[in-house]
Amino acid sequence: MDLARVALRAAKEQARARGAAAQQKKQARRGGLRSGARADGRDPLPLSAAINRLISERGWEAPAAVGGVMGNWPQLVGPEVAQHCEPQKYDEEARVLTVRCDSTTWATQLRLLAPQLVARLNSELGQGTVKLIKVLGPGGPQPRYGPLRAPGSRGPGDTYG
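Residues numbered from 1 in each chain as written. Predicted model: local features only at pLDDT ≥ 70, side-chain atom pairs only at ≥ 80, totals over all residues. Heavy atoms only, no water.

## Describing the overall build of the protein chain
Looking only at helices and strands, the protein chain features 6 helices and 3 strands. Listing the helices and strands of the protein chain from first to last along the sequence gives α-α-α-α-α-β-β-α-β. Buried residues in the protein chain amount to 19% of all 161 residues. Taking contacts inside the protein chain between residues at least 6 apart in sequence as the whole, the part at least 24 apart equals 49%. Entry remark: accessible area of the protein chain is about 12500 Å², with carbon and sulfur atoms responsible for 54%. (Helix = DSSP H or I, 4+ residues; strand = E, 2+ residues; numbered from the N terminus. Buried < 20%, exposed > 50% of the residue type's maximum accessible area, 1.4 Å probe, protein only. Contact = heavy atoms within 4.5 Å. Areas by Shrake-Rupley, 256 points an atom, 1.4 Å probe, with all protein chains shown as cover.)

## Considerations on the environment of E92
You can see E92 is positioned in the loop between β1 (85-91) and β2 (96-101). We classify E92 as partly exposed; its relative accessible area is 41%. Considering only alpha carbons, one finds E92 and T129, 37 residues apart in sequence, at a separation of 8.4 Å.

## Regarding the nonpolar core
Within soluble globular proteins, side chains that are nonpolar generally end up buried alongside one another. Judged by nonpolar contacts, the single largest core of 21 residues is most densely connected at W73, L97, L110, L121 and I133. Mapped by element, the contributors of at least two residues to this core are α4 (73-77), α5 (79-84), β1, β2, α6 (104-125) and β3 (132-136). The element best represented in this core is α6, accounting for 7 residues. Not counting residues within four places of it along the chain, the set of residues in contact with I133 comprises L97, V99, A114, L117, V118 and L121. (Core = buried A, V, L, I, M, F, W, Y, C linked by side-chain atoms within 4.5 Å.)

## Some words on the pairing of β2
Among the 6 residues of β2, 5 are classified as buried, and the element is accordingly described as predominantly covered. Pairing of β1 with β2 involves 6 bridges; the strand directions are antiparallel. For K89, the partnering residue across the bridge sits in β2 and is T98. Taking the residues between adjacent antiparallel strands as the criterion, β1 and β2 are bridged by 4 residues, where R95 takes a positive phi near 55°. Where β2 and β3 come together, 5 bridges link them in parallel fashion. Looking at β3, one finds that L97 is bridged to I133. One crossover worth recording links β2 to the parallel β3 by way of α6, and it is right-handed. (Pairing = 2+ DSSP bridges. Right-handed = clockwise from strand over helix to strand, strands pointing away.)

## Notes on the confidence of the model for the protein chain
One rule of thumb: low pLDDT means the predicted coordinates there are not for detailed reading. Confidence along the protein chain averages 79 in pLDDT terms, with 77% of residues attaining 70 or more. When the elements of the protein chain are averaged for pLDDT, helix α3 (residues 61-71) gives the smallest value, 71, and β3 the largest, 92. (pLDDT = per-residue confidence, 0-100.)

## What about the sheet that holds β2?
Here we have 3 strands laid out as an open sheet, ordered β1-β2-β3, and mixed in their pairing. Because the sheet does not close on itself, it has two edges, and the strands there are β1 and β3. When the angles between neighbouring strand axes are averaged without regard to direction, this sheet yields 25°. Packing of α6 onto the sheet brings it into contact with β1, β2 and β3, and relative to β3 it is tilted by some 160°. (Axes fitted to C-alpha atoms, helices over the stretch in contact; angles between N-to-C directions.)

## Some thoughts on the side chain of T98
With respect to the helices and strands, the residue T98 is situated in strand β2. Exposure remark for T98: the relative accessible area of 7% places this residue in the buried category.

Rendered as structure tokens:
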């Protein structure tokens, strides 16, 4: 009984090998691979899969992840903090996220929460993506040097010359 199973298995393997060789000959005569019913590397991809492949091929994982932080800021930090603080920019080389707050009170609060926020961002984006959060307070109003100014002037410094 075992001898019959071994002989049958050997015959099946030989038939598969002959069939594969015949298939390769047929493809070579046709001029290469042709599209078939099964998936291969030439099939069209969904847009999301094509974008993910492009991001991974170009090494854009960290910038894309940080871009996700900019878009998902309220979900990451909570609605109350997101209402008063917003991310401004990300320095990829130094791995520093710059955040601007609308009051000095919120800037101080965010400085105190920064280590916990860095840990949360790294858990979401991947370890080491953000090393430091630089917190900026509110920006002051732009200085105006009087109601009568020449267009394009930079204030009293460009009067002479």
